[in-house]
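# Observations on the three-dimensional arrangement
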Amino acid sequence: MANNDSTQEIVATPLTATTPAGKAVAAPRLSPREESWFVSVRVPIISVAAFLLLWQFGARHMNPILMPTPTLVGSAFRDLISRGVLQKAFFISLQDMSYGYFIAIAVGSVLGVLTGRFRTFEKVVSPYISFFMATPTIALVPLVIVWFGFSQSSRVFLVAIHAVWPVAINTAMGIRVLSRLLRDVGWAYRLTESQFVRWVALPSAVPYILAGLRVALGRAVVGMIVAEMTMELTGLGGLVMVYGNAFKTAHLIAGVITSAVFAVFVSAMMDVVRDRFFPWIKGTSA
Amino acid sequence: MEALIEVKGVSKAYANYATGRELVVLRDIDLQVRPNEFVCLLGPSGCGKTTLLKILDAMITPDRGEVLLGGRPLIERLADIGFVFQDVGLLAWRTVLGNVALGLEARGMPRRQRETVALEYIKLVGLEGFAHYYPHQLSGGMQQRVGLARALAISPKVLLMDEPFGAVDAMTRQTLQVELARIWEQSRATVVFVTHDVDEAIFLADRIVVMGRAQATRSVNVALPRPRWNRDAQSDPEYVALRVNLIRMLNTAHAAAAATVAHAAAAATVAHAAAAATVAQTAKGGE
Ligand SMILES: Nc1ncnc2c1ncn2[C@@H]1O[C@H](COP(=O)(O)OP(=O)(O)O)[C@@H](O)[C@H]1O
Ligand SMILES: [Mg+2]
């Protein structure tokens, strides 16, 4: 994941806190920055390389259907890419996921604003939210197929319904914890209800909303894979399923790895969006 | 002159859920503020200054009594009151420009126009060149200037200020006081300014209203001539007398009776005082 920053903070903080007491002790060691760079960049690389080596040697004499070697997975990747299968699956997955995710954001934030702002509305919808949160999304698959058939709409719907709740819940929470001071500011400068929500309540809830979006993103990816595996076989989920059924384990693992890369990719995109559009968050949360 | 703000028998109590008892914060407060007057509410912390100020902007509804603004009850949210908060309350997601323009934008003033006006006030409070900064990029004193500009930008008839300089360092506070006095002398808005700092009150006010715990108040006129920032206040007997008097009143703030102590004589002696230290500078000695 793209959390080099947070690793650095976690590693750096205790070190800088203890150094003022004794510079002599700290001197022979790496400076906090070097050490955290070492820990956050080199150690993971070494760890992955060691893992791949172990895997290669361990799986050398095993049945490749049970456990293919990394080299076999590598050639599966080459095969999938040269035939364009992986790219196509990746693109379909990206579509399924993004449509569903954006619908979840749109619906979830409106739902969140209403539940966060109006007590009565909260009472009205909270049983349904609890119900859907508790329902395993996979159990909804047959129903979704009845409604939308074997189509992209079905997959998008499943992604959206799986991802919408954390957005709604976090938005509502962010709006509910709005400080007395900001309420007073809204009053003093005569903001209308809609101005207040758009200019004060929603932006002040953005850190909460982003936390919700992050959770929702993970759920959107899960929803996407579930949808692609259980409805018509397509996208990355379908690819994994198809090669699993065909016992082409190296291809299957290539698909799983791509799904993981996919999740990291969209999560990194989200960090970029946050820093681009909400530059003030870094200043206030620090 | 007719009062612009009239507070009549205002009372307010808060329920304390921990003790189950009611805390009376304001009891039968009467207060009149004339147009263009600069009134300081002076009192120890916790005596209900913020509560009273918020009642003046209908942010809090009193349990009893009423507030008249220009002779009319303060039921509707009136558009021409500017409020400067103790904790500033800037919107972290808006730049200085966006914050200062908030009140104008709420009234639907077109973008270009409101930005022109906002820039004017940003300049007035000495923040030229910082229009596109975010609040977290500014010091505490600068943030408080933004808070002031935001309040001034709507050209309020009444400016309510809640210990606006309470959280900034002594040097910055002094600068801000001088600039507020300068700005006020230009705009002549009616100001109600809350403070617990005696010297700040003397430096800024036409009239100081001393508040005791939940009590009605005594009112003291400050007849020192303006501008006040280039006089040697320490050597000014009237200033010292006023200061001693105010501190004594604060200490016996439980006295319920309201009386007006006029200091009309002050003007004469103060007029030829030398210009070494500002009034505000002396201020730091006592607290
Ligand atoms: N919302 C509230 N609920 C309960 N008690 C409050 C509330 N606001 C203020 N108080 C209490 O009322 C008293 C006066 O508060 P305040 O008006 O803020 O005083 P000041 O501004 O003079 O320091 C304080 O004792 C405070 O604890
Ligand atoms: Mg206060």
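Please refer to the structure placed before this passage.
So, here is what we can say about the structure in this document. (Residues numbered from 1 in each chain as written. Chains lettered and ligands numbered in written order. Predicted model: local features only at pLDDT ≥ 70, side-chain atom pairs only at ≥ 80, totals over all residues. Heavy atoms only, no water.)

A few words now on unusual backbone geometry. Residue and element names in this part refer to chain B. For Ala58, which is not glycine, the phi dihedral falls at a positive 60°. Mapped onto the elements, Ala58 comes out in the loop between helix H1 (49–56) and strand S4 (64–69). Positive phi is not limited to glycine here, since Glu163 has a value of about 35°. Look at Glu163 and you get buried, because its relative accessible area is 7%. (Helix = DSSP H or I, 4+ residues; strand = E, 2+ residues; numbered from the N terminus. Buried < 20%, exposed > 50% of the residue type's maximum accessible area, 1.4 Å probe, protein only.)

Quick look at the site of ligand 1 now. All names here are of chain B. Near ligand 1, the surroundings consist of Tyr14, Leu23, Val25, Pro44, Ser45, Gly46, Cys47, Gly48, Lys49, Thr50 and Thr51. Interatomic distance of 2.7 Å between a backbone N/O atom of Gly46 and an oxygen atom of ligand 1. The contact in question runs from an oxygen atom of ligand 1 to an N or O atom on the side chain of Thr50, over 2.6 Å. Taking 560 Å² as the accessible area of ligand 1 by itself, protein coverage stands at 61%. For the shell around ligand 1, the secondary-structure elements that each account for two or more residues are strand S2 (22–33) and H1. (Near = heavy atom within 4 Å. Polar contact = N/O pair within 3.5 Å; in protein donor to acceptor, adjacent residues only side chain to side chain. Areas by Shrake-Rupley, 256 points an atom, 1.4 Å probe, with all protein chains shown as cover.)

All names here are of chain B. Spatially, S2-S1-S4-S5 is the arrangement adopted by the four strands of the open sheet, whose pairing is antiparallel. Because the sheet does not close on itself, it has two edges, and the strands there are S2 and strand S5 (72–73). Pairing analysis gives eight bridges linking strand S1 (residues 5–15) to S2, with the strands arranged antiparallel. Each residue of the ladder has a partner; that of Tyr14, found in S2, is Leu23. (Pairing = 2+ DSSP bridges.)

We now examine the side chain of Ser267(A). Tracing the chain through its elements places Ser267(A) in helix H12 (residues 249–277). Within the structure, Ser267(A) has its side chain in polar contact with the side chain of Arg214(A) (distance 3.3 Å).

The nonpolar side chains of soluble globular proteins are, as a tendency, buried together. Ile5(B), Ile208(B) and Leu246(B) are the most contacted members of the largest nonpolar core, which has 152 residues in total. Those residues within four positions of Ile208(B) in sequence are excluded, and the remaining contacts are Cys40(B), Leu42(B), Ala201(B), Ile202(B), Arg218(B), Ser219(B), Val220(B), Val222(B) and Leu246(B). (Core = buried A, V, L, I, M, F, W, Y, C linked by side-chain atoms within 4.5 Å. Contact = heavy atoms within 4.5 Å.)

This brings us to the interface of chain B and chain A. Every contact between the two is made by 28 residues of chain B and, on the other side, 20 residues of chain A. Between chain B and chain A, roughly 2200 Å² of surface is buried when both sides are summed, and carbon and sulfur atoms account for 67% of that area. Where chain B meets chain A, there are two salt bridges. Note that Lys54(B) and Asp184(A) form a salt bridge whose closest N and O atoms lie 2.8 Å from each other. Across the contact surface, chain B and chain A share eight residue pairs in polar contact (both at pLDDT 80 or more). Among the elements that make up the side of chain B that touches chain A, the one with the highest residue count is helix H3 (residues 102–106) of chain B (four residues). (Buried area = accessible area lost by both parts, 1.4 Å probe. Salt bridge = Lys/Arg side-chain N within 4 Å of Asp/Glu carboxyl O.)

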